[in-house]
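Inside the fold
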Amino acid sequence: VRLRYCMPQLFLSSGVTVQSENVRYAEYYPAGSLHNNAYVNGLIILHQKDFLFVRLSDGITHVRGGGAAQDADALEKLGVKVYRRPTPVLRAS
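So, how was this worked out
- Residues numbered from 1 in each chain as written.
- Predicted model: local features only at pLDDT ≥ 70, side-chain atom pairs only at ≥ 80, totals over all residues.
- Heavy atoms only, no water.
- Pairing = 2+ DSSP bridges.
- Helix = DSSP H or I, 4+ residues; strand = E, 2+ residues; numbered from the N terminus.
- Axes fitted to C-alpha atoms, helices over the stretch in contact; angles between N-to-C directions.
- Polar contact = N/O pair within 3.5 Å; in protein donor to acceptor, adjacent residues only side chain to side chain.
- Salt bridge = Lys/Arg side-chain N within 4 Å of Asp/Glu carboxyl O.
- Buried < 20%, exposed > 50% of the residue type's maximum accessible area, 1.4 Å probe, protein only.
- Arc of directions from axis to C-beta.
- Contact = heavy atoms within 4.5 Å.
- Phe/Tyr/Trp six-rings, centres within 6.5 Å; stacked < 30°, edge-to-face > 60°.
- Core = buried A, V, L, I, M, F, W, Y, C linked by side-chain atoms within 4.5 Å.

Let's shift gears to the sheet that holds strand S3 (residues 23-29). With respect to topology, four strands assemble into an open sheet ordered S7-S6-S3-S8, the strand pairing being mixed. Of all strands in the sheet, those with a lone pairing partner are strand S7 (59-64) and strand S8 (82-84), marking the two edges. Direction aside, neighbouring strands of the sheet carry axes that sit 15 degrees apart on average. One ladder, built from three bridges, connects S3 with S8; its direction is parallel. Pairing of Glu27 across the sheet is with Tyr83, part of S8.

Note on placement: Ser33 falls in the loop between S3 and strand S4 (38-40). From its side chain, Ser33 meets the backbone oxygen of Pro30 in a polar contact 2.8 Å long.

According to the stated counting rule, one finds two salt bridges in the structure shown. A salt bridge links Glu76 to Arg84; the shortest N-O distance between them is 2.9 Å. Arg84 gets classed as partly exposed once you look at its relative accessible area, which sits at 38%.

Here we take up helix H1 (residues 67-77). When we look at burial in H1, the residues that qualify are Gly67, Ala68, Asp71, Ala72 and Leu75. On an axial view of H1, the arc spanned by its buried residues comes to 135 degrees, and they lie on one face. Each element contacted by the buried residues of H1 is listed here: strand S1 (9-11), S3, strand S6 (51-56), S7 and S8. Looking one or two places after H1, you find Gly79, whose phi comes out positive at around 95 degrees.

Counting across every chain of the model gives two aromatic pairs. Measuring from ring centre to ring centre gives 5.2 Å for Tyr25 and Tyr83, while their planes differ by 25 degrees; the resulting arrangement is stacked. Of the two residues, Tyr25 sits in strand S3 while Tyr83 sits in strand S8, which places them 58 residues apart along the sequence. Classification of Tyr25 by relative accessible area gives partly exposed; the value is 29%. With a centroid separation of 6.4 Å and an interplanar angle of 55 degrees, the aromatic rings of Tyr29 and Phe51 are classed as tilted.

Let us look at the nonpolar core. Looking at soluble globular proteins, one finds that nonpolar side chains tend to be buried together. Within the largest apolar cluster, 15 residues are counted, with the highest numbers of intra-cluster contacts made by Val23, Ala26, Tyr28, Leu52, Val54, Leu75 and Val82. Broken down by secondary-structure element, the contributors of at least two residues to this core are S3, S6 and H1. Other than its neighbours up to four places away in sequence, Leu75 contacts Leu10, Val23, Ala26, Leu52, Val54, Val80 and Val82. Counting seven residues, the second largest nonpolar core, distinct from the first, contains Leu34, Ile45, Phe51 and Phe53.

Such coordinate-based values are descriptive only and should not be taken to indicate function.
Listed below in structure tokens is the structure:
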């Protein structure tokens, strides 16, 4: 009998399944953390939507919108370090 240890899988809100051991890097941008739209690895980040970028051992994936925050939290629960861009503090005028 051969036992095989399997690392946890995560089903991202975008419909992509990710093996935790394949994640090399993750970066989360909450809505409003950028003043303008930006580019990460050729993907446009819309500053008014949450955005999660994940570099895998065999490519990249991303999540835009409402599920990005929950997916970033789930990656952290699996032991993946997620680099988070701070949300700017709005100052009263």
